[in-house]
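Per-entry structural report
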Amino acid sequence: MYFMLLYSYFSSVVTSPLYSSSCRLQGRFHLNEMHKAGDVVLGGIFRIHFFSVFPDLSFTSEPPQPTCYGFDVVGFRRVQTMAFAIDEINRNSNLLPNVTLGYSIYDNCVKLGIAFRAGLSAVSGQEEQFILDENCAGTPPVIGIVGNPFSTHSIAISSVLGLYRVPMVSHSATCSCLSDRQKFPSFFRTIPSDAFQVRAMIQILKHFGWSWTGLLVSDDDHGLHAARSFQSDLAHSGGGCLAYLEVLPWGNDPDELRRILDVMKKSTARVVIVFAHDSYMMNLMEEVVRQNVTGLQWMASEAWTTTTVLQTPDLMPYLAGTIGIAIRRGEISGFRNFLLQMLPDLHHNNIYGNSMVNQFWEFTFQCRFATPPAGWVEAGGTLCTGQENLEDVETELLDVSTLRLEYNVYKAVYAMAYALDDMLQCEPGRGPFSGHSCGNLKELEPWQLVYYLEKVNFTTTVGDQVSFDENGDALAIYDVMNWLWLPDGRTKVQNVGEVKRSAFKSEELTIDEDKIFWNFESKKPPRSVCSESCPPGTRVARKKGEPVCCFDCILCSEGKISNGTDVMECTSCPEDFWSSPQRDHCIPKKTEFLSYHEPLGIGLTAASLLGTCMCAVVMGIFIYHHNTPIVRANNSEMSFLLLLSLKLCFLCSLLFIGRPRLWTCQLRHAAFGISFVLCVSCILVKTMVVLAVFKASKPGGGASLKWFGVLQQRGTVIVLTSVQATVCTVWIVSASPTPHKNTQYYNDKIVYECAVGSTVGFAVLLGYIGSLASLSFLIAFIARNLPDSFNEAKLITFSMLIFCAVWVAFVPAYISSPGKYADTVEVFAILASSFGLLVALFGPKCYIILLRPERNTKKAIMGREIQA
């Protein structure tokens, strides 16, 4: 539509055969405008009225003019900012000397069609006829446009002006889409784009921990592009989720607004972000007040952060505490005096040219001129004299304390001026254009000014640097504002921080929380999260079908920890560590071994020492009574050697108690195996001697005793013990037992144990002991019924029965016992078998020696006939 309009409009400026040196304007838009003549003219498009009746687009001899109403004083102040900036530049002898700037400023009436007409009128001019040397291809009446304030308007106008490289510098259009240099090659702006504004808001959300928010956007390019940017950047930054995204309707649509309010009330999000102009907010807040929706924290986009139309006593109970992004405030020296010197045009010399001042005058002083200004329908009251004093009325025009968009207008005008100044300072033959040529006023082309705008870099009088990046965007910086509701009912929009782009292209947020007014009973920031943060010791478990901000907190499994909040996966502890009960840090695993300090270790140690002492006592008794018949008849040398081996058996059990070391692991099984083989060898020799003596007592059996003399007995014990010693030596050398940290039994404990090294070696050791014990038991069992009143074979049989029973039970118990309990089983088997041998073999003898000495005689021992 706009391209067709442009074509029809420009085609109306044609060269007639009758006027070969001139071209005539075939039609003209009647707009609300203001002009000032100059050598170079800058265009401007601003909002002067809030509403309009859109005119007919057709060209007629008398095309109707748009009817605008609802005068915008703040918008008019921005018009005057442009006029002031141009006046200031014209008075500056260092900037554009000998060149006078003029302006052509138009009212868009917040209507795209009117704004588009204004743009076309600016670049094509409003003169009825141009006198040209050869053809109609001349310099347009304006070399560039300051404005439009709205993104949608700027997109439409700049998409056309960009075809002709006519520069457009907006002070307020923030849509990130306008940064596309392919589509908008001649568009610039002195306000940060929505892309930066979105990231700035996300920084604020992160600062306060608001991860669950609602987003309302206007139904235009500004709002819809902001919504897309917000969704993308929020997901990329991990700053939170949107509970809902709603598009505010264009105009007053009660049904749609009620639906949106229902969504807001049902949501658990307490923070609401609004990317929309104040006109959208007015419609929304009417419904908010009607339904009395409170308890929300509002976040405002730049478009309505500093607007005053929402700061009313009716709305402040709901909007107080609002946090918003605002354009950087600037100081414009002398601007207020310039405004005070403004006077209306009493004679209406140009009814279409400079009616804006008259419209402001009528609106402010509630009077009317004899001839109403064009397009103005609100005049009424008494006649205006032109002598009214602005300082006698309260008007926003004179409030220059917080100039934000005005400061952007001021910078936009100066950017145009500095670019033009740079172009005029070009030295012929050293220029940037074809053939090293320079631009000049007589043959100035708009694209030449675009080239210099891209490189413009200057500093304002208050020290702010102005330049444009490769996308035509200005240096990004915003003020963070807060709506303070004073006790007297007044509202103050105060600066509480700033957010700017750092050298690394990231956003730096500085905020003073102590200055912020919170509109809640707690006077603290609200909580706005879908799910509370998962504390250390837990992990995030996503809820199926819901946003990532909605989750459950699951306790880390054993052996894993999380030491931060909202951790996605728990971390496994190192091998020697285990998770604390809170699962928030790793602690060293408990160590387990058969210790001297625990009751079980103390009991076994005591039993071992008791057995050792008992052996010593028995040995003492035997030594003291070594001449008595019962001692002499009991093969005293083997008995003493047996007692010594039993003492070693009791003592070797101590090697199984305490933290395993290399030497204890190597020694424990060797000492155990050799001690028990020594013990069983002595028993075996004693058993064989008993049987040999019995056979020697029979006729012809005396020869059997020569094989069981003292030397043979000693040799037998030594040989049998040496075999076990050899087995142990080979085992230790080939596959030595070593200390081992076993983490397989328990997850939260380290069991220190001795790895046997060679299972075969351990099996041979036990098997050898078992073989000797079995042989001793067999021989003793054969000799159990020998005719002797004190037949030791019976005692040996009984002791070997105990010994074998203990070690047969030991094997399955040892295999099935984990950790220290395996050592406990082995120690218990050693002690049980040792005590069994000690008591069974020496208990009856000690009983006779100590308690029945009358039986400790040769006659009593001889019994029937045989002496053992």
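Above this text you will find the structure in question.
Since this is a predicted model, take the numbers as computed values, not measurements.

Re the overall build of the protein chain
Looking only at helices and strands, one finds 22 helices and 32 strands in the protein chain. Within the protein chain, contacts between residues at least 6 apart in sequence are counted, and of these 69% link residues at least 24 apart. When the accessible surface of the protein chain is summed, it comes to about 38900 Å², and 56% of that surface belongs to carbon and sulfur atoms.

Side note on the nonpolar core
Across soluble globular proteins, nonpolar side chains have a tendency to be buried as a group. One finds Phe 672, Phe 803, Trp 807 and Phe 842 to be the most contacted residues of the largest nonpolar core, which totals 69 residues. Listed by contribution, the elements that provide at least two residues to this core are helix 14 (599-624), helix 15 (629-632), helix 16 (636-652), helix 17 (662-696), helix 18 (710-734), helix 19 (759-782), helix 20 (792-816) and helix 21 (820-851). Contact partners of Phe 672, with chain neighbours within four places excluded, come to Cys 652, Phe 656, Leu 667, Leu 765, Leu 766, Ile 769, Trp 807, Glu 826 and Ile 830. With 66 residues, the next largest nonpolar core counts Phe 46, Val 99, Met 342 and Val 413 among its residues.

Things to note about the sheet that holds strand 7 (residues 101-107)
Read from one edge to the other, the open sheet built from 6 strands follows the order 3-7-4-9-10-11, with strand pairing classed as mixed. Of all the strands in the sheet, the pair left with one neighbour each is strand 3 (33-36) and strand 11 (187-189). Direction aside, the axes of adjacent strands within the sheet are offset by 20° on average. Relative to strand 7, strand 4 (residues 40-46) is paired through 7 bridges, and the arrangement is parallel. The partner of Val 41 across the bridge, within strand 7, is Gly 102. Where helix 12 (residues 405-424) meets the sheet, its contacts fall on strand 4, strand 7, strand 9 (144-146) and strand 10 (168-170), and the angle it forms with strand 9 comes to roughly 160°.

Describing the packing of helix 14 against helix 16
Contact pair helix 14 / helix 16: the axes reach a minimum separation of 8 Å and the direction vectors enclose 165°. Taken as axis vectors, helix 14 and helix 16 run roughly antiparallel relative to one another. In the packing of helix 14 onto helix 16, the handedness of the crossing is left-handed. Residues Ala 607, Ser 608, Gly 611, Thr 612, Cys 615, Ala 616, Val 618, Met 619, Phe 622 and Ile 623 of helix 14 touch helix 16, and the partners they reach there are Ser 639, Phe 640, Leu 643, Leu 644, Leu 646, Lys 647, Phe 650 and Leu 651. Class assignment for the residues of the contact of helix 14 with helix 16 results in 13 nonpolar, 4 polar and 1 charged.

Considerations on the state of the cysteines
Under the counting rule described, the total for this entry stands at 10 disulfides. Each disulfide pairs two cysteine sulfurs, and for Cys 175 the partner residue is Cys 177, the sulfurs being separated by 2.4 Å. Here the S-S torsion is close to 130°, and the disulfide linking Cys 175 with Cys 177 is therefore right-handed. With respect to class, Cys 175 is no different from Cys 177; both count as buried.

Examining the sheet that holds strand 31 (residues 738-742)
Ordered in space as 30-32-31, the 3 strands form an open sheet in which the pairing is mixed. Where the open sheet ends on each side, the last strands, each with one partner, are strand 30 (590-592) and strand 31. Shown here is a sheet whose adjacent strand axes are inclined to one another by a mean of 30°, direction ignored. Looking at chain direction, strand 30 and strand 32 (residues 749-755) are connected through 3 bridges and run parallel. Looking at the pairing, Glu 592 lines up with Val 751 of strand 32.

Things to note about unusual backbone geometry
With an omega of -10°, the peptide bond running from Gly 147 to Asn 148 counts as cis. One can find Asn 148 in the loop between strand 9 and helix 4 (151-161). Within the chain, Asn 98 stands out as a residue other than glycine whose phi angle is a positive 65°. Turning to its location among the elements, Asn 98 is positioned in the loop between helix 2 (73-90) and strand 7. Positive phi outside glycine occurs at Val 110, with the angle close to 55°.

About the criteria used
- Residues numbered from 1 in each chain as written.
- Predicted model: local features only at pLDDT ≥ 70, side-chain atom pairs only at ≥ 80, totals over all residues.
- Heavy atoms only, no water.
- Helix = DSSP H or I, 4+ residues; strand = E, 2+ residues; numbered from the N terminus.
- Contact = heavy atoms within 4.5 Å.
- Areas by Shrake-Rupley, 256 points an atom, 1.4 Å probe, with all protein chains shown as cover.
- Core = buried A, V, L, I, M, F, W, Y, C linked by side-chain atoms within 4.5 Å.
- Buried < 20%, exposed > 50% of the residue type's maximum accessible area, 1.4 Å probe, protein only.
- Pairing = 2+ DSSP bridges.
- Axes fitted to C-alpha atoms, helices over the stretch in contact; angles between N-to-C directions.
- Parallel < 35°, antiparallel > 145°, perpendicular 65-115°, else oblique.
- Left-handed = near helix turned anticlockwise from the far one by under 90°.
- Nonpolar A, V, L, I, M, F, W, Y, C, P; charged D, E, K, R; others polar.
- Disulfide = S-S within 2.5 Å.

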